Amino acid sequence: MSQLSNLYLFAYNSIQALGWAISISRILSNFVSTKSFSGAYASAGELICLLQTVAFLEVVHGAIGIVPSGVLLPLMQWGGRVHFLLAIVRRIVEVQELPSVFVTLLAWGLIEVIRYPHYALNCVGSSLSLVTYLRYTAFILLYPMGLAGEMWLMYQALPLIKTKNLYAYFFAGLPITYYNFVKVLLACYPFMWLKLYLHLFKQRKAKLGKQHKKKRN
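For the structure given in this document, a descriptive report is provided here. (Residues numbered from 1 in each chain as written. Predicted model: local features only at pLDDT ≥ 70, side-chain atom pairs only at ≥ 80, totals over all residues. Heavy atoms only, no water.)

## Re the packing of aromatic side chains
Link 1 in the chain: What the rule picks out here adds up to 18 aromatic pairs.
Link 2 in the chain: A centroid spacing of 6.4 Å and a plane angle of 65 degrees characterise the contact between Tyr167 and Tyr169, whose relative ring orientation is edge-to-face.
Link 3 in the chain: The exposure class assigned to Tyr169 is exposed, which follows from its relative accessible area of 63%.
Link 4 in the chain: Here a set of aromatic residues connected by ring pairs shows up, and it is made of Tyr167, Tyr169, Phe170, Phe171, Tyr178 and Phe181.
Link 5 in the chain: The ring centre of Tyr116 lies 4.5 Å from the NZ or CZ of Arg115, which sits over that ring.
Link 6 in the chain: Seen from the ring of Tyr136, Arg135 lies directly overhead, with NZ or CZ sitting 4.9 Å from the centre. (Phe/Tyr/Trp six-rings, centres within 6.5 Å; stacked < 30°, edge-to-face > 60°. Buried < 20%, exposed > 50% of the residue type's maximum accessible area, 1.4 Å probe, protein only. Lys NZ or Arg CZ within 6 Å of the ring centre and 35° of its normal.)

This is the structure in structure tokens:
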């Protein structure tokens, strides 16, 4: 990897790490002050929408080969999150204060305040064993937590999607409504998510296995 690419990736991951740190601090601060789950989106939703939209660059990074992640898995994760945020939560005001939004954004935030610093440190040829361990361990709990929050919210949004006839203009020429699309998506979601989850376990075995061998040597 060229020095310029490395510098760019360090800057990108550092900015994302800072953005997610601000987001998670806002969510937790709001929760502590209000003792309520309802303010997660109001406190950090717009910033998270921006961060997650910009994260499409990670699909581009894989496509042009400056990171080894490939395209499919980053695209699946990016597409799922952007759909959740922009197509449902941001569009349907009534769901923004639901606990499922708090659960999802909290899980995402905790994942990203570990993942992005880990990537940024790697860009400068450094690593902290604790950060590496958390990067390849915390997902075991946090990814199912995020999945549960996303599916819970989409299920709760279904009656509103149907009542509002959401995105009728876009689906007008198609044999399926957006309401039915979300129902199908809910049925498929665990299977699509499982591919990413199992991939992370493979990464965990490879990365932590190497770390364990270095310590032994």
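## Describing a nonpolar patch on the surface
Link 1 in the chain: Taken together, the side chains of Tyr8, Leu50, Val54, Phe56, Leu57, Val60, Ile64, Val71 and Leu75 present a nonpolar region at the surface, about 700 Å² in accessible area.
Link 2 in the chain: Only helix 2 (40-54) and helix 3 (57-64) provide two or more residues apiece to the nonpolar patch.
Link 3 in the chain: As for its placement among the helices and strands, Tyr8 is situated in helix 1 (residues 3-34).
Link 4 in the chain: Take Tyr8: its relative accessible area is 34%, and that puts it in the partly exposed class. (Patch = residues over 30% accessible without salt bridge, like charges linked within 9 Å, V, L, I, M, F, W, Y side chains within 5 Å. Areas by Shrake-Rupley, 256 points an atom, 1.4 Å probe, with all protein chains shown as cover. Salt bridge = Lys/Arg side-chain N within 4 Å of Asp/Glu carboxyl O. Helix = DSSP H or I, 4+ residues; strand = E, 2+ residues; numbered from the N terminus.)

## Details of the packing of helix 2 against helix 5 (residues 99-123)
Link 1 in the chain: Viewed as axis vectors pointing N to C, helix 2 and helix 5 meet at an angle of 45 degrees, and their least axial separation amounts to 11 Å. One element, helix 2, and the other, helix 5, form an angle in the oblique class. Viewed along their axes, helix 2 and helix 5 form a crossing whose handedness is left-handed. Two secondary-structure elements touch here, helix 2 through Ala40, Tyr41 and Ile48 and helix 5 through Val101, Phe102, Leu105 and Trp108.
Link 2 in the chain: A class-by-class count of the residues in the contact of helix 2 with helix 5 yields 7 nonpolar, no polar and no charged. (Axes fitted to C-alpha atoms, helices over the stretch in contact; angles between N-to-C directions. Parallel < 35°, antiparallel > 145°, perpendicular 65-115°, else oblique. Left-handed = near helix turned anticlockwise from the far one by under 90°. Contact = heavy atoms within 4.5 Å. Nonpolar A, V, L, I, M, F, W, Y, C, P; charged D, E, K, R; others polar.)

## Observations concerning the environment of Ile48
Link 1 in the chain: Here Ile48 is to be found in helix 2.
Link 2 in the chain: Ile48 sits 60 residues away from Trp108 along the chain, and the two C-alpha atoms are 9.5 Å apart.
Link 3 in the chain: Excluding residues that lie within four positions of it along the chain, Ile48 makes contacts with Trp20, Ser23, Ile27, Leu85, Leu105 and Trp108.

## Observations concerning the nonpolar core
Link 1 in the chain: Ranked by size, the top nonpolar core spans 53 residues in total, and within it Ile48, Ile88, Leu105, Tyr143 and Tyr178 carry the most contacts.
Link 2 in the chain: Listing elements by their share of this core, those giving two or more residues are helix 1, helix 2, helix 4 (72-89), helix 5, helix 7 (139-164) and helix 9 (178-216). (Core = buried A, V, L, I, M, F, W, Y, C linked by side-chain atoms within 4.5 Å.)

## Topic: unusual backbone geometry
Link 1 in the chain: Phi angles above zero are rare outside glycine, and Lys35 is one such case at about 55 degrees.
Link 2 in the chain: Secondary-structure assignment places Lys35 in the loop between helix 1 and helix 2.
Link 3 in the chain: Positive phi, close to 50 degrees, is recorded for Asn165, a residue that is not glycine.
Link 4 in the chain: Residue classification places Asn165 among the partly exposed positions, given a relative accessible area of 46%.

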